[in-house]
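Coordinate analysis (summary)
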Amino acid sequence: MTEFATPAKPVAQLFPADFLRRSADYILSQQQADGCIPWFRGGHADPWDHVEAAMGLSVAGEYAAAEKAYAWLAERQLADGSWWVAYKDGGIHNRERRESNFVAYVATGVWHHYLITGDKNFLRVYWPTVERALEFVLGLQTEHGDIHWAVDAGGQPKEDALITGCSSIYKSLECGINIARSLGCGRPHWERGREKLGEALRKKPQRFDRTWESKARFSMDWFYPVLAGVFSAAAARTRLQHKWDEFVVAGLGCRCVNDEPWVTVAESCELTMALLAAGEAGRAAKLYRGLHRWRDGDGGYWTGYVYRDSAIWPEEKTTWTVGAMLLAADALAGLTPASGLFTSVKLLSDPAQDTEGVDGLHQLELGGSQR
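Quick look at the structure, then. This one's a predicted model, so the numbers in the text were calculated from it and none came from an experiment.

1. Section: the sheet that holds strand 9 (residues 304–306)
Strand order in the open sheet formed by three strands is 8-9-10, and the pairing between neighbours is antiparallel. Two strands in the sheet have a free side with no partner beyond their single neighbour: strand 8 (262–264) and strand 10 (311–312). Relative to strand 10, strand 9 is paired through two bridges, and the arrangement is antiparallel. Each bridged residue has a counterpart across the sheet, and for Val-306 the counterpart in strand 10 is Ala-311.

As structure tokens, then:
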């Protein structure tokens, strides 16, 4: 495990002294020999949560294991750039659909790993994987800017859009654009696609949840546009304050849905990072500090807690929950050069206009008109 320099921000009481080592060990204990990171031993893996766990390994300095996870994913990419929704025991577990936000997330993971390691060859190796994935995803974008949430087994679009899924794609497009620009491979149509998607998320609520019941009861629909950088800091604070009492249970964490007495650790971690993006560092640290009560003796974190029944539920310690804990710790404490990935919007200069390449990284102020 790589030893990092002194954290950029005070870490007192943010996490236990053995947090990084034990968290990494837990994910490693669940990772399979071929690189796959299932939800838990004996469970399935999906492309999004696999990447989330791999990012946790990168934060903890387990670079070889993280790279093995990305290799596993690249080896299973379909010809059209996508992945099936679930894998298990070395094969495909679910062939019913391929979800657009699951497919896009590889760009976020690859860029995250590069920010930490500085290994440009890693970017070159996984550029074809990222390119094929984002081309598949943008092929599902409508004229209104929203992106269909999935395709069915035959490759036909399932024509509706999810706020949470599209927000995740918005961040993945930012990361994909940065990968392209750092390699001198401009992709203007990705930039246009991201711009249109941001417009849809900000100004076209009617394009989401058109064919099913609104997903507004899910906390992720509330905070994910903030986490992904869709809104400015001021608009983000307003958005988070608006439903704070609806989703946050004082002393426990963030509810998964507003109509069940169930707080979940991963959503609480993601809300922690969204709060940081909105400039609410104090709230973020307070929320995060309380999550370590859900750590088990093996270093894993329980997925959720039903406070009405004082019961852990489900009785699962998911690898992606530990990954989210590591990402939030990094965002709070500045453990790695990727600590700001989910708390700010950063774009490389366009190589056609700036020859500095990756050294031309500059932070763009989050704003409602930010693209």
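2. Considerations on the sheet that holds strand 4 (residues 150–152)
Across the sheet, which stays open at both edges, the three strands sit in the order 3-4-5 with antiparallel pairing between neighbours. Unpaired on one side and paired on the other, strand 3 (97–99) and strand 5 (157–158) mark the two borders of the sheet. The sheet contact formed by strand 4 and strand 5 spans two bridges and is antiparallel. The partner of Val-151 across the bridge, within strand 5, is Pro-157.

3. Section: helix 8 (residues 219–227)
Counting buried positions over the nine residues of helix 8 gives eight, a clear majority of the element. Listing the buried residues of helix 8 in full gives Ser-219, Asp-221, Trp-222, Phe-223, Tyr-224, Pro-225, Val-226 and Leu-227. In the segment just after helix 8, Gly-229 is the residue with positive phi, at about 85°.

4. Focus on the nonpolar core
Counting 120 residues, the largest nonpolar core has Phe-19, Tyr-70, Val-110, Trp-222, Leu-240, Leu-271 and Tyr-288 as its most contacted members. Other than its neighbours up to four places away in sequence, Tyr-288 contacts Leu-14, Phe-15, Phe-19, Cys-269, Thr-272, Met-325, Ala-328, Ala-329 and Leu-332.

5. So, the packing of aromatic side chains
Here the structure, examined in full by the defined rule, presents 17 aromatic pairs. With 5.3 Å between their ring centres and 35° between their planes, Trp-111 and Tyr-114 make a pair best called tilted. Placement of the pair is Trp-111 and Tyr-114 together in helix 4 (residues 100–117), with a separation of three residues, close to one helical turn. Among the residues examined, Trp-111 registers a relative accessible area of 3% and is labelled buried. Counting every residue linked through ring pairs, the aromatic cluster contains Trp-222, Phe-223, Tyr-224, Trp-244 and Phe-247. Its end group placed over the ring of Trp-212, Lys-215 keeps NZ or CZ at 5.5 Å from the ring centre. Positioned above the aromatic ring of Trp-302 is the side chain of Lys-317, whose terminal nitrogen or guanidinium carbon lies 4.9 Å from the ring centre.

6. Regarding the pairing of strand 2 (residues 91–94)
Note that strand 1 (residues 86–88) and strand 2 share three bridges and pair antiparallel. What sits directly across from Ala-86, in strand 2, is Asn-94. Hairpin remark: strand 1 followed by strand 2, antiparallel, with two residues in the connecting loop; positive phi at Asp-89, about 55°.

7. Side note on the pattern of salt bridges
Following the criterion strictly, the structure yields 21 salt bridges and no others. Linking Asp-18 and Arg-295 is a salt bridge whose minimum nitrogen-to-oxygen distance equals 3.1 Å. Taken together, the residues Asp-18 in the segment before helix 1 (19–30) and Arg-295 in the loop between helix 12 (281–289) and strand 9 connect sequence positions 277 residues apart. In this structure, Lys-317 and Asp-296 form a salt bridge, with 2.7 Å as the shortest nitrogen-oxygen distance. One end of the pair, Lys-317, is in the loop between strand 10 and helix 13 (319–333); the other, Asp-296, is in the loop between helix 12 and strand 9, and 21 residues separate them in sequence. Given a relative accessible area of 14%, Lys-317 falls into the buried group. Each of Asp-146, Asp-160, Arg-207 and Arg-210 takes part in one network of salt bridges that share partners.

Definitions and cut-offs
Residues numbered from 1 in each chain as written. Predicted model: local features only at pLDDT ≥ 70, side-chain atom pairs only at ≥ 80, totals over all residues. Heavy atoms only, no water. Pairing = 2+ DSSP bridges. Helix = DSSP H or I, 4+ residues; strand = E, 2+ residues; numbered from the N terminus. Buried < 20%, exposed > 50% of the residue type's maximum accessible area, 1.4 Å probe, protein only. Core = buried A, V, L, I, M, F, W, Y, C linked by side-chain atoms within 4.5 Å. Contact = heavy atoms within 4.5 Å. Phe/Tyr/Trp six-rings, centres within 6.5 Å; stacked < 30°, edge-to-face > 60°. Lys NZ or Arg CZ within 6 Å of the ring centre and 35° of its normal. Salt bridge = Lys/Arg side-chain N within 4 Å of Asp/Glu carboxyl O.

By themselves, these observations are geometric and do not establish any function.
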